[in-house]
Amino acid sequence: MSTLEDLAERVERLLLRHEELKRTNTLLEQQLATVVAERDNLRSRLAAARSRIDALIERLPVGEHDSVERYHTGSSS
């Protein structure tokens, strides 16, 4: 009979652990959704900033524009 009681106790512990893991998983899914949304927002802001910078570069006089292009590409000629 002791074996049956031990088995019942183990099953109870497994059920409790399962519930804990489900709660943890839910929290992790929420955190992931938050981080993904933040990443997407940052990507969008980065794209907008790049567009503004590109527009500013286009407004530079030709000689300065070439200097900026050389700076961004890393060439020294």
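It should be noted that the structure appears before, not after, this text.
Description of the structure in this document.

Rules used throughout
- Residues numbered from 1 in each chain as written.
- Predicted model: local features only at pLDDT ≥ 70, side-chain atom pairs only at ≥ 80, totals over all residues.
- Heavy atoms only, no water.
- Salt bridge = Lys/Arg side-chain N within 4 Å of Asp/Glu carboxyl O.
- Helix = DSSP H or I, 4+ residues; strand = E, 2+ residues; numbered from the N terminus.
- Buried < 20%, exposed > 50% of the residue type's maximum accessible area, 1.4 Å probe, protein only.
- Patch = residues over 30% accessible without salt bridge, like charges linked within 9 Å, V, L, I, M, F, W, Y side chains within 5 Å.
- Areas by Shrake-Rupley, 256 points an atom, 1.4 Å probe, with all protein chains shown as cover.

## Structural notes on the pattern of salt bridges
Per the counting criterion, the structure on display carries four salt bridges. The salt bridge partner of Arg13 is Glu9, with a shortest N-O separation of 2.9 Å. With a gap of four residues between them, Arg13 and Glu9 both fall in helix 1 (residues 2-59), about one helical turn apart. The exposure class assigned to Arg13 is partly exposed, which follows from its relative accessible area of 46%. The partly exposed category is assigned to Glu9, whose relative accessible area is 46%.

## A word on a nonpolar patch on the surface
A surface patch of nonpolar side chains, amounting to about 360 Å² of accessible area, comprises Leu4, Leu7, Val11 and Leu15. For Val11, the location among the structural elements is in helix 1.

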